[in-house]
Amino acid sequence: MIREDTVDYKKELESLPKGELRYTMRNDYMFKAVLQDNEYALRGLLAVLLQIPVESIVDIETLNPIELGQAVDDKTCVLDLKLRLNNYRIINIELQVSRFEYWVERSLVYLCRIFDNLSVGDDYGEVLPAYHIGILDFWLPGKAHEFYSEYVFMNRKNHEIYSDKMSLRVLNLKAIEDESIVKEPKELFEWAKFFKATKWEEIKMLAENNEYIAGTVVRLKKLSDDEKIKMQCEARERYEHDKASYIKQGWNEGRAEGRAEGETLHLVSQVCKKLAKGKNLDEIADELEEDVEVIKPMYDVAVKYAPDYDVEKVFEAYKEMKEAVVS
């Protein structure tokens, strides 16, 4: 972990450039690259997300670090930040900027995965508390428009908490645009504005009033000048553009299931890309963070189209196979 608290922030902030940020903290690669080994900044962020004293955070371990500059189409396809806090809690922070139809269901899957943290031979009482925190920039369908929400398991009749060892929280950046929404705690609102910021002047102003954000800005500036990091941030932008195009294609073709079909087409394309790189079924499912049962039908169809793995042909064959099963 890098400790940024020894840096002369005032000097660093004065040297910041002006104008538009080429890659903001809403780029998931930059988000993870900036935070994964920045203990000082993480302490400040986690303290406000979990609403605990910053002094209580003595140790943070990143459980899924990436090698900065490595390609984003393999293990880096999913760029959540998985942390162990004080060797007592498991926290998964997910940045999701573009609208995702099934985010609620996906967040539950992620939460259950990190809650399943017992080692062989451990007693059930030793399971570590697990928190999945989503930083979103879209409203969840059917959910109240709130700045920061926490969801727990409880009794519907008397609202008794069943267990406080599982928690799902959502920081919604869309709330910044709505003056009618209360944005508390104040310190978290500052972080939200930082994540949403598009100009160096904006983040400098925020950093001047928050030492933990200042520590993040120093790291952001350093990585923004790194050519390898910029290449991977650009690659992530292309990935998101491609994904959006596949979804839009589903809509444009006029199918009632347009969005779901577009997302399926995107998943098929990822399977084809990984097959072309020599990945096996288990590796592909693991890297895409999908169940093997979901990937296997696509995989079985795609292998028949080696070595080119034409995405459109594989997708059409996959659809025909699914239709034949249904009929």
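An account of the accompanying structure is given in this report. (Residues numbered from 1 in each chain as written. Predicted model: local features only at pLDDT ≥ 70, side-chain atom pairs only at ≥ 80, totals over all residues. Heavy atoms only, no water.)

Examining the overall build of the protein
Here is the rule we go by: Only DSSP runs of H or I covering at least 4 residues are called helices, and only runs of E covering at least 2 are called strands; the numbering of each starts at the N terminus. Each residue is assigned to one of three classes by its accessible area relative to the maximum for its type, calculated with a 1.4 Å probe on protein chains only: buried under 20%, partly exposed between the two thresholds, exposed over 50%. Residues count as neighbours in contact if any of their non-hydrogen atoms are within 4.5 Å of one another.
When its secondary structure is counted, the protein shows twelve helices and six strands. Burial statistics for the protein: of 327 residues in total, 47% are counted as buried. In the protein, 65% of the contacts between residues at least 6 apart in sequence involve partners at least 24 apart.

Observations regarding the pattern of salt bridges
What counts, and what does not: One side-chain nitrogen of Lys or Arg within 4 Å of one carboxyl oxygen of Asp or Glu is enough to make a salt bridge.
Per the counting criterion, the structure on display carries 21 salt bridges. Residues joined by salt bridges that share partners form a network here, namely Arg26, Asp137, Lys174, Glu177 and Lys196.

Some remarks on the nonpolar core
The following threshold applies: By nonpolar core we mean a set of buried residues, namely Ala, Val, Leu, Ile, Met, Phe, Trp, Tyr and Cys, connected to one another through side-chain atoms within 4.5 Å.
Of all hydrophobic cores here, the largest spans 61 residues; its most connected members are Ile93, Phe194 and Phe195. If one sorts the elements of this core by residue count, helix H3 (residues 39-50) sits on top with nine residues. Residue contacts for phenylalanine 195: discarding those within four places in its chain leaves Met25, Arg26, Phe31, Leu45, Ile135, Leu171 and Leu173. Core analysis: the next-biggest nonpolar cluster, separate from the first, contains 20 residues, Ala285, Met298, Val314 and Ala317 among them.

Let's talk about the packing of aromatic side chains
Rules: The rule is short: rings of Phe, Tyr and Trp, with Trp giving its six-membered ring, pair when the centres are within 6.5 Å, and they are stacked under 30 degrees, edge-to-face over 60, tilted in between. The rule is short: NZ of Lys or CZ of Arg within 6 Å of the ring centre and within 35 degrees of the ring normal puts a charge over the ring.
Applying the stated rule across the entire model yields six aromatic pairs. The interplanar angle of 40 degrees and the centroid separation of 6.0 Å between the aromatic rings of tryptophan 191 and phenylalanine 195 together place this pair among those described as tilted. Placement of the pair is tryptophan 191 and phenylalanine 195 together in helix H5 (residues 186-196), with a separation of four residues, close to one helical turn. A relative accessible area of 1% places tryptophan 191 in the buried class. Look at phenylalanine 195 and you get buried, because its relative accessible area is 0%. Three or more aromatic residues joined by ring pairs make a cluster, and in this case those are Phe31, Trp191, Phe194 and Phe195. Positioned above the aromatic ring of phenylalanine 100, the side-chain terminus of arginine 106 is 4.2 Å from the ring centre. When the ring centre of phenylalanine 189 is taken as origin, the NZ or CZ atom of lysine 193, which lies over that ring, is 4.6 Å away.

Looking at the sheet that holds strand E3 (residues 89-96)
For clarity, the threshold we go by: Being paired, for any two strands, means DSSP has found at least two bridges between them. Working convention: axes come from line fits to C-alpha atoms, limited for helices to the stretch in contact. Angles between N-to-C directions cover 0 to 180 degrees.
If you trace the six strands from one edge of the open sheet to the other, you get E1-E2-E3-E4-E6-E5, paired in mixed fashion. Strand pairing shows two members of the sheet lacking a second neighbour, strand E1 (60-62) and strand E5 (148-154), which therefore form its edges. Neighbouring strand axes in the sheet, compared pairwise and without regard to direction, differ in orientation by 20 degrees on average. Looking at chain direction, E3 and strand E4 (residues 130-136) are connected through seven bridges and run parallel.

Section: the environment of proline 307
Note that proline 307 resides in the loop between helix H11 (292-302) and helix H12 (311-326). Once the C-alpha coordinates of proline 307 and cysteine 272 are considered, the two residues, 35 residues apart in sequence, prove to be 9.7 Å apart.

Describing unusual backbone geometry
Cis rather than trans, the peptide bond between glutamate 184 and proline 185 has omega equal to 0 degrees. By the secondary structure assignment, proline 185 is in the loop between strand E6 (161-172) and H5. The amide bond that connects alanine 306 to the next residue, proline 307, takes the cis arrangement and shows omega of 0 degrees. Of note, histidine 159 is a non-glycine position whose phi angle comes to about 65 degrees, a positive value. Among the structural elements, histidine 159 can be located in the loop between E5 and E6. Positive phi is not limited to glycine here, since glutamate 289 has a value of about 55 degrees. Inspection of the secondary structure puts glutamate 289 in the loop between helix H10 (281-288) and H11. The class of glutamate 289 is partly exposed, set by a relative accessible area of 31%.

Overview of the environment of leucine 95
On the secondary structure map, leucine 95 appears in strand E3. Distance in space between the C-alpha atoms of leucine 95 and methionine 25 is 9.3 Å, their sequence separation being 70 residues.

Observations concerning the side chain of glutamate 190
Which entries qualify depends on this criterion: Within this scheme the basic residues Lys and Arg register as positive and the acidic residues Asp and Glu register as negative, but His and the chain ends are omitted.
Following the sequence through the fold, glutamate 190 ends up in helix H5. It is lysine 186 that comes nearest to the buried, bridge-free glutamate 190 among opposite-charge side chains, at 4.9 Å. For glutamate 190, the contacting residues outside a window of four places in its chain are Leu206, Asn210 and Ile213.

As for a nonpolar patch on the surface
To keep it simple, the criterion reads: Residues with no salt bridge and a relative accessible area higher than 30% make up the patches, which join like charges within 9 Å and nonpolar side chains (Val, Leu, Ile, Met, Phe, Trp, Tyr) within 5 Å. The accessible surface values rely on the Shrake-Rupley method and a 1.4 Å probe; as for residues, cover is taken only from the protein chains in view.
Residues Val152, Met154 and Ile161 make up a contiguous nonpolar surface patch of roughly 220 Å² in combined accessible area. When you line up the elements, methionine 154 lands in strand E5. For methionine 154, a relative accessible area of 40% puts it in the partly exposed group.

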